[in-house]
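# Summary of the model geometry
Next come the chains, spelled out residue by residue.
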Amino acid sequence: MRKTLLVGAAIVMIAPFLYMVSVSFMGESELLRWPPPLFPTSPTTANYAAAIAALPFNRVLLNTAVLAGCVMIGQVLTSAAAGYAFVRLKFPGRDGTFRLMTLALILPTIFLVIPRYLMIEALGWIDTFPGLISTELVSVWGILFMRHAFLMQPRDIEDAARLDGAGEWTLFWQVTLPLARPAVTALAVLAFMDQWRNFLWPLMVTRSARMEVAEVALARLHGDYAANVPYQMAAAVLVSLPLFLVCLIASRSVMAGVRFTGADARL
Amino acid sequence: MASVTLRRLSKVYDGGVQALHHLDLEVRDGELLVLLGPSGSGKTTILRCIAGLEEVTTGEVVIGERVVTNEPPAARDVAMVFQSPALYPHLTVRDNIAFPLELRGVARTQITRRVLEAATRLHLERVLERRPGQISEGERQRAALGRAMVRGPQLFLLDEPLSRLDAQLRIELRGELLALHRALGATMIYVTHDQTEAMTMGQRIAVLHEGRLRQTGTPEEVYQRPADVHVARFIGTPGMNVLQGKGRGTGEKADGGRVIEAGSLAIPIELTTYEGELQVGIRPEYVGLCAVDKGVGNADVLVVEPLGSETLIHLNAGGQPLVARVPGFADVRVGTQVGVKVDRRRLYLFDSAGAPLG
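Residues numbered from 1 in each chain as written. Chains lettered and ligands numbered in written order. Predicted model: local features only at pLDDT ≥ 70, side-chain atom pairs only at ≥ 80, totals over all residues. Heavy atoms only, no water.

Moving on: the side chain of R48 of chain B. Relative to the helices and strands, R48 of chain B resides in helix α1 (residues 43–51). Using a relative accessible area of 15% as the deciding quantity, one classes R48 of chain B as buried. (Helix = DSSP H or I, 4+ residues; strand = E, 2+ residues; numbered from the N terminus. Buried < 20%, exposed > 50% of the residue type's maximum accessible area, 1.4 Å probe, protein only.)

As structure tokens, then:
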């Protein structure tokens with residue numbers, strides 16, 4: 001019973017994706033038939049060639065990779081450092097700050113977008129990479145995630161390291177962080193995927209085609225070629241391909257990290 | 001190597017729990033002292049205070065000649081082995097052992113040599129390149145020992161390091177630890193709740209109960225002359241029987257002398273000055289069985305545990321539990337009544353608060 005449900009759910013989730021791939025190989029007129037065909041009658045790669053030319057593919061991919069890559073590194077560093085501080089360091093106002101920060105999770109992103117935009121504009125960073133990236137470098141969710149991962153670590157190892165002569169910095173870099181590797185990997189992958197699909201913020205803060213990222217480019221394509229669905233599907237397949245690869249490679253470590261097996265790291 | 005002195009050491013945890021009460025303890029240079037007590041008695045807290053992992057509320061910690069109460073752990077030059085091996089799982093055994101040396105900036109060639117020395121002594125040569133997850137539990141605990149000894153600390157703190165190992169391995173490592181202590185001549189403080197381990201390892205044993213030091217002495221002293229009823233109960237497997245009783249009688253010969261009434265037993269004693277509530281202790285080996293009404297009273301047999309060389313018989317003497325240890329196999333059946341005899345020269349008398357009498 002449970003298996004049937006799971007298989008059903010998996011089909012529901014994967015079917016649109018497969019259909020997207022199928023449609024991307026159809027001719028423009030093919031979809032106009034009723035009922036719409038499931039598979040292309042004469043598969044063509046012409047949509048891909050056209051989409052690559054229209055996107056422009058290289059530029060968009062590069063921009064998105066820079067955004068996702070920088071944010072991934074930034075979020076891992078800030079989340080790990082802040083998470084560690086909230087767990088292991090004692091400083092005045094620590095718990096108050098932490099509570100205040102978690103409150104930020106309640107706010108919908110849309111609330112924060114306008115003040116952020118105003119700040120970036122005041123800095124003169126509109127339509128630049130610093131403007132695109134800087135606001136995404138700290139993630140409250142990421143801090144909570146890393147804090148939890150550190151909380152689950154056995155205290156003995158840290159005590160042993162202190163006795164071995166490790167200071168706070170050594171402890172963080174050489175003991176605590178390597179021990180939290182599953183969580184770090186999971187956070188990195190999730191941050192990367194999240195930014196690859198980021199739409200609202202890049203839409204607001206970038207203007208020129210030179211700065212366009214994947215989701216924004218797709219939206220533009222949708223506006224430009226609303227009637228040509230196979231064409232749009234080809235573009236969608238192209239920009240989700242890197243994400244798909246990341247998923248394939250990292251799914252196992254993401255699962256491990258999310259399940260916090262980092263906590264029962266074998267001793 | 002160094003001596004350790006604790007002066008009026010108290011520790012109150014954040015929640016208000018007082019783990020240690022004004023504790024005074026002296027560990028001699030080169031000594032292996034065992035801290036023994038049930039869980040929650042404060043043994044581990046003492047170690048952590050000595051190591052600097054726990055802040056002391058009041059009192060002083062002195063290592064050698066130096067007061068280290070407010071020094072950070074790294075500055076105290078002590079090594080600790082935990083209940084879990086607490087190895088760094090992402091490093092090989094070699095790197096684990098080398099870690100404290102690397103942090104101290106010891107030269108490469110010296111590190112290699114010293115790691116190999118430690119590994120040879122602990123029979124770890126074959127697993128040096130493996131990670132902690134790939135070696136056995138015993139090897140992990142040895143590796144933790146290696147990491148502790150490689151930098152030649154003044155003091156070793158061992159927090160129940162063998163408790164997670166199986167019985168056979170425990171005996172083996174116990175022997176190795178003793179050999180290591182002799183070879184290094186190091187001062188060691190060894191925490192355990194296992195009194196067999198304490199008796200076999202400790203040159204002296206410090207018995208703790210509820211954050212207070214009850215007695216410090218050689219294994220023989222704490223066994224033969226327990227300082228109070230807690231020590232008496234805790235030392236020995238099983239521990240001493242302690243019966244709640246009442247002194248009665250006039251002390252005149254005609255009256256049969258004085259008697260302690262405890263449950264269904266009436267035990268004659270020679271104590272002449274005490275009346276009223278008291279506790280009487282007797283080790284299981286000095287309790288014997290006889291025919292009904294032939295001893296100092298009768299008791300019901302609750303459980304019989306034949307161990308081969310001896311048998312433990314758990315009795316109920318009028319509501320008071322009593323264990324008898326008799327040699328070989330005993331011919332008694334659960335549910336029957338037996339007579340109880342005691343060796344009167346082996347009685348320990350405590351007042352109702354647990355302090356020894358007479």
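Next, the rest of the story.
Let us look at the packing of helix α2 (residues 93–103) of chain B against helix α3 (residues 108–121) of chain B. Residue and element names in this part refer to chain B. Packing of α2 against α3 brings their axes to within 10 Å, and their N-to-C directions diverge by 130°. One element, α2, and the other, α3, form an angle in the oblique class. The two elements α2 and α3 cross, and the hand of that crossing is right-handed. Between α2, through R94, I97, A98, L101 and E102, and α3, the contact on the second element is made entirely by R108, I111, R114 and V115. Looking at the contact of α2 with α3, its residues break down into five nonpolar, no polar and four charged. (Axes fitted to C-alpha atoms, helices over the stretch in contact; angles between N-to-C directions. Parallel < 35°, antiparallel > 145°, perpendicular 65-115°, else oblique. Left-handed = near helix turned anticlockwise from the far one by under 90°. Contact = heavy atoms within 4.5 Å. Nonpolar A, V, L, I, M, F, W, Y, C, P; charged D, E, K, R; others polar.)

Bringing the domain arrangement of chain A into the picture now. Residue and element names in this part refer to chain A. According to the domain assignment, chain A consists of domain 1 (1–44) and domain 2 (54–262). Here the C-alpha centroids of domain 1 and domain 2 sit 31 Å apart. Contacts between the two partners involve nine residues from domain 1 and, on the opposite side, nine residues from domain 2. Among the residues of domain 1 in contact with domain 2, M20, S24 and E28 are the three that bury the most area, contributing 59% of the side total. For the pair domain 1 and domain 2, the interface holds zero salt bridges. The interface formed by domain 1 and domain 2 holds zero residue pairs in polar contact (both at pLDDT 80 or more) in total. Residues that form the side of domain 1 that touches domain 2 fall into these classes: six nonpolar, two polar and one charged. (Domains from an automatic or database assignment. Buried area = accessible area lost by both parts, 1.4 Å probe. Salt bridge = Lys/Arg side-chain N within 4 Å of Asp/Glu carboxyl O. Polar contact = N/O pair within 3.5 Å; in protein donor to acceptor, adjacent residues only side chain to side chain.)

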